[in-house]
Amino acid sequence: WSVKSYEFIQTTEPRPGVGQITLNRPKALNALSTPLIEELNHALQAFDQSPTISAILLTGSQKAFAAGADIKEMSTLTFAEAYTTSFIESWSSLTTSIKKPIIAAVSGHALGGGCELALMCDILYCTETANFGQPEIKLGTIPGAGGSQRLTRAIGKARAMELILTGKNFTGKEAFEWGVAARTFPTYEELIEGSLGTAETIAGYSKVAVKAAKEVVNKSQDLPLRDGVEYERRVFHSLFGSEDQKIGMKAFAEKKKAEWVHK
Ligand code: CO8
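These figures come from a predicted structure and were not determined experimentally.

Caption draft 1: Broad picture of the site of the ligand. Near the ligand you find 24 residues, and of these Ala69, Ile71, Lys72, Trp91 and Gly113 are the closest. Measuring from an oxygen atom of the ligand, one finds a backbone N or O atom of alanine 69 at 2.8 Å. Protein chains bury 65% of the 1,100 Å² of accessible surface belonging to the ligand in isolation. Elements supplying a minimum of two residues to the shell around the ligand: helix H2 (71–74), strand S6 (109–111) and helix H5 (113–120). Ranked by the residues each element gives to the shell around the ligand, the list is headed by H2, at three residues. When its residues are assigned to classes, the shell around the ligand shows 14 nonpolar, five polar and five charged.

Caption draft 2: A look at the pattern of salt bridges. Under the counting rule described, the total for this entry stands at eight salt bridges. One salt bridge in this structure joins arginine 15 and glutamate 200, with 3.2 Å as the shortest N-O distance. In this pair, arginine 15 is assigned in strand S1 (residues 9–15) and glutamate 200 in helix H9 (residues 188–203), connecting sequence segments 185 residues apart. The partly exposed category is assigned to arginine 15, whose relative accessible area is 21%.

Conventions adopted
- Residues numbered from 1 in each chain as written.
- Predicted model: local features only at pLDDT ≥ 70, side-chain atom pairs only at ≥ 80, totals over all residues.
- Heavy atoms only, no water.
- Near = heavy atom within 4 Å.
- Polar contact = N/O pair within 3.5 Å; in protein donor to acceptor, adjacent residues only side chain to side chain.
- Areas by Shrake-Rupley, 256 points an atom, 1.4 Å probe, with all protein chains shown as cover.
- Helix = DSSP H or I, 4+ residues; strand = E, 2+ residues; numbered from the N terminus.
- Nonpolar A, V, L, I, M, F, W, Y, C, P; charged D, E, K, R; others polar.
- Salt bridge = Lys/Arg side-chain N within 4 Å of Asp/Glu carboxyl O.
- Buried < 20%, exposed > 50% of the residue type's maximum accessible area, 1.4 Å probe, protein only.

In structure tokens, the structure reads:
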């Protein structure tokens, strides 16, 4: 994953072990065009492969995380084109190919595909006034990047059905109250600071344990409880083979700070 210059996103390494991706297409409120998504996927892969990065922060601007898929790009697309090119399929590759934790820091609009992108991340933080929604019904279509599935799992069928059928938005405060967001912040600056703090905390742990923890929690979304618990136990057992598990437990017993081999 060679260094690449991007047009629609910015990448930085603001804290030790933390890679930040900022969506940067301000004139279109970070509408998720295909070129933007290609850059996002490239940057995510680069951070995922980087030995110096342990956690990823994905954010937009104060005004918009992302105002959805690019409506102008989609307006002339035909069924045959969408179907044969598997339009949108690669947009959710971050849920399958990125193994490091991704924190979404959402301020402003997170609509349609923007809301879906935030829902794909591992932890969602937002401002109290963030503007979430699945307004596709107003465009004569439906969510296409997992919104009907992930939002429904996150907030339950009753609320998700109402939101998706009416296209009504919901606030960051509601996102927190309904369990979509793990935390809310009063301002954009506090949101970024809080998100970086969490990313740095995660980056301070063993990479082996962090990867395993993300994997097993995400499995809970796909597997029935019994299979999920069994899967967790298998992975838990496998960690007895990791140097960092030995280091962590020895450090606890000796009342010392663990110095991870795989950090
Ligand atoms: N696509 C393309 N351009 C957009 C989009 C968009 N989704 N959203 C905003 N823009 C553009 C506007 O066209 C405008 O451009 P211009 O200046 O050239 O006219 C510029 O951004 C600024 O927008 P506004 O002037 O409208 O700004 P306001 O502050 O007045 O309004 C809103 C902000 C409320 C966010 C408004 O722009 C809006 O309603 N946008 C559309 C929101 C929407 O419907 N999103 C859902 C799109 S459908 C979708 O996402 C399907 C999901 C499929 C899967 C995606 C996988 C990730």
